[in-house]
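Working through the structure, step by step
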Amino acid sequence: MPNVKISNLPPAILPLSGSEQVPVVQGGDTKRTSILSMLPAINVKAYGALGNGIADDTTAINNALAAAKTANAVVVFPPGTYAVSGVITVDNGVRGLRGEGGQILFTTSTATILLRGKQSGQASNVVYCAIENLRIDANNQDITAGNRAVILGENVQFCSFINNTIINVNWAAGKGGIWLRSYLAGTSFTIYNQIVSNVITGSNFATISQAENGPCVAIDVLNSELNITPYATPTAYWKATFTAAGATWYGQWNVIADNVLEGGYYGIDLSAAQYTSITGNVIRSNVRSISAQNVCQYNNITGNTIINNISSAIHFAYGSRDNLVDANNIQTGVAVGEATLNAYVGCPANTFSNNHIRITGGFAPQYFAYCGVQSSRCAFVNNTFFGRTERASIGVESAWNNTTTNPAAYAYLKAAGDVNGFAGSAMTGVRVHGNIINNDNPVPAIFTNQVSDGAGNYALTECSIIGNMVANSNPNFQLEMAEDNAGSSNSHRLIDNSFFPTEDGIGFYSWARGRAMFSVVEGNSPVNANISVYEYPNGTTQPNVAYNDYVSLAAYTTPTTVTNFTNSSPGQIITVRLANVVTIQNNANIVLKNNVDLVGTSSNDFLILLRRDASTWVEIGRSLYSANADNAVTQQTSRTTTVINNAVRGQITLFSAAGTTTPTTFTLTNSFISVLDTVVVNQRSGTDRYVILVTNISAGSCQITFYTTGGTTTEQPIFQFSVIKNAVLN
């Protein structure tokens, strides 16, 4: 950089870690060194530490730390193994502990490193202390001191824990790695600390039955010090007040980055933590990898790699809100617990975006992603979900009730005390946008559930399901929307979603009240448009169009007069195919062209377009349904070659080539097409599944763009098309 006066430099960002570089003049030359290296250094061996791994060096180390407190110095550990049998006390004034080849070995259950503050009777809390480059062997000790952590900081501020290695932590006994805790007696926030580039591992791995303690890293508040009076636990407080208990002193503006954390019930545990940056960590073999409970707010959890979580990879509960979970990579082959991405019990406005989740092996969590119980305005946006789950891919529920018989519900088969009585109000505004879902199990791809219980009815409203792609071939209902109380799940939006095809559409939707649950339903299509065709039973006079926009009456064999299409929504447009025995009656429910009934004939079928106004169907177009249903051509030369097929309905066999996810476009020249027409194209055959788009409709032609959902088979799939002739009606 150019020469700049020091006074003109931008201010440094606090807290300083001690590893920042500063210039020094040495031997006439300008060189660089870290801030920490410039502080006075006290060697533990100068105070009697032997470092032979046998002699107890606890007293010698504490004597060195006492001297460092007075001198504002750093204590260094030269090569050797320093046996520790008790508490290593770090008081305010000590500027750091630095490893220079030395290792600390815990030899008893009372061994720990404690950054003492007011909680322990000191006059002040520890500030500006850096612990770096230390190697600590916890030696599988059942640590009882320091609230069971290898390193515990009491209301510390501007401290850094960098490039340390902690091994053989006894996870099974609920012990932990580095914990920064805010105590009431500490009378200050835990702020501006860094936990960076550490490695923390255990001598055993966590199990699903382990008690909820023993995180690798924690920034937290004890449950007993939350504002829960007069109740004993945060759960009891919630059930009595339907609000989450906060803290007096929070952890704020801390950084947890680039660590490798292996084992422990939690990889990272936040309680009453705000504005925390959790990024670039590798977290593996935990029950819950990252957990934020008890009013954790405005935390960013981004760019982490999570491997083999047993329950939730990222979990919010009890008032944790307005957090961002973005661009994390999660892969597990051992998950058997709750949702991989989870927010429930008063956790609104959390955003889960751009995460990639893959579930492998023979196990499965309940959901890929879930939010429920007073968790309004959560968002699941642009995530990719692959593998298998047990209940649904994405779940959204307004409450829990263990009397449910729906196997997709969170409370299904759970004990009453674990799930009942948690909801006190409705949920609204959840967004499920732009996700790719590929689930190997036959469970709902997207599941919403309005739940009631003996204490009340908890509405679920104004959720938006937009732009998602369901790519799995065997879902049990690609979109299931359940409700306990008719009318209490409403005003949702279903827009531009793409669903995997089935042969007859069975399992496509399961909506408690059909379109009446939505304020908008538009632009949704299966990967193969045949999915939206439903053959109504012969003789049905008022077909239910709650779930279908393409209404086929072609299976009718006896003369039938259709007088209405029921359970529709305003603005809905349906395409109706008539058999030659069907009459659409012009009446108070259906307004047809020239106010004349439309009658099928023996020589052809009709396609008719109807739009639902406030209370009436109005015809907006009609066409003959070509008797030459198999008017077929084969594309020549390449998949971009123009195809000529002058028919109202026909089929195109594509040029033989490998499937690709890159969009390919060709022109269909067809003298029947005019600028006001609608051209419908879908896939009739082929191993790979294709997404098909029709654009640039003009007089005599249109463009067809297609790509696979991931397949690369070399083949000649067949696309079929229909030209629907629009007419402007007076």
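Structural data are supplied above this passage.
None of these values were measured; they are calculated from a predicted model.

Let us now look at helix α3 (residues 234–241). Considered for burial, the residues of α3 that qualify are P234, Y237 and W238. What you see down the axis of α3 is that its buried residues fit within an arc of 100°, all on one side. Once α3 ends, the next one or two residues include F242, with phi positive near 55°.

Okay, the pairing of strand β28 (residues 288–293) next. For β28, the buried fraction is high: six of the six residues fall into the buried class. Across five bridges, strand β24 (residues 266–271) lies against β28 in parallel orientation. Counted as the bridge partner of Y266 is R288 from β28. Note that β28 and strand β31 (residues 314–317) share four bridges and pair parallel.

In this section: the nonpolar core. Core analysis: the largest hydrophobic core is formed by 94 residues, its most contacted members being L115, I151 and I314. Among the elements that make up this core, the one with the highest residue count is helix α2 (residues 58–71) (six residues). Those residues within four positions of L115 in sequence are excluded, and the remaining contacts are V90, V126, I131, I151, L152, G153, E154, V156, C159 and F161. Core analysis: the next-biggest nonpolar cluster, separate from the first, contains 22 residues, A317, Y318, Y367 and A399 among them.

A few words on the packing of aromatic side chains. One pass over the structure, following the stated rule, counts 22 aromatic pairs. Here the aromatic rings of F77 and Y82 are separated by 5.6 Å at their centres, their planes lie at 80°, and the arrangement is edge-to-face. Judged on exposure class, the residue F77 and its partner Y82 are both buried. Note on W400 and Y410: the rings are 4.4 Å apart at their centroids and 25° apart in plane angle, and the pair reads as stacked. Note that W400 is positioned in the loop between β40 (394–397) and α4 (416–419) and Y410 in the loop between β40 and α4, a separation of ten residues in sequence. On the basis of relative accessibility, which here comes to 6%, the residue Y410 falls in the buried class. Here a set of aromatic residues connected by ring pairs shows up, and it is made of Y344, Y367, Y370, W400, Y410 and F422. The ring of F386 carries R358 above its face, with NZ or CZ at 4.9 Å from the centroid. For K414, the ring lying beneath its charged end belongs to Y410, and the centroid distance is 4.1 Å.

Judged by pairing direction, the sheet is mixed, and its four strands sit side by side in the order β66-β69-β72-β71 without closing on themselves. Among the strands making up the open sheet, the edge pair consists of β66 (643–644) and β71 (690–698). One ladder, built from seven bridges, connects β71 with strand β72 (residues 701–708); its direction is antiparallel. Bridging across to β72, L693 finds its partner in T705.

A word on unusual backbone geometry. A cis amide bond, omega 10°, links T229 with the succeeding residue P230. Within the secondary structure, P230 is located in the loop between β20 (217–220) and α3. Of note, the phi angle at D258 is positive, near 60°, even though the residue is not glycine. For D258, the location among the structural elements is in the loop between β22 (255–257) and β23 (260–262). Phi at A272 takes a positive value of approximately 55°, unusual for a residue other than glycine. Counting through the fold element by element, A272 comes out in the loop between β24 and β25 (273–274). For A272, a relative accessible area of 0% puts it in the buried group.

What counts and how
- Residues numbered from 1 in each chain as written.
- Predicted model: local features only at pLDDT ≥ 70, side-chain atom pairs only at ≥ 80, totals over all residues.
- Heavy atoms only, no water.
- Buried < 20%, exposed > 50% of the residue type's maximum accessible area, 1.4 Å probe, protein only.
- Helix = DSSP H or I, 4+ residues; strand = E, 2+ residues; numbered from the N terminus.
- Arc of directions from axis to C-beta.
- Pairing = 2+ DSSP bridges.
- Core = buried A, V, L, I, M, F, W, Y, C linked by side-chain atoms within 4.5 Å.
- Contact = heavy atoms within 4.5 Å.
- Phe/Tyr/Trp six-rings, centres within 6.5 Å; stacked < 30°, edge-to-face > 60°.
- Lys NZ or Arg CZ within 6 Å of the ring centre and 35° of its normal.

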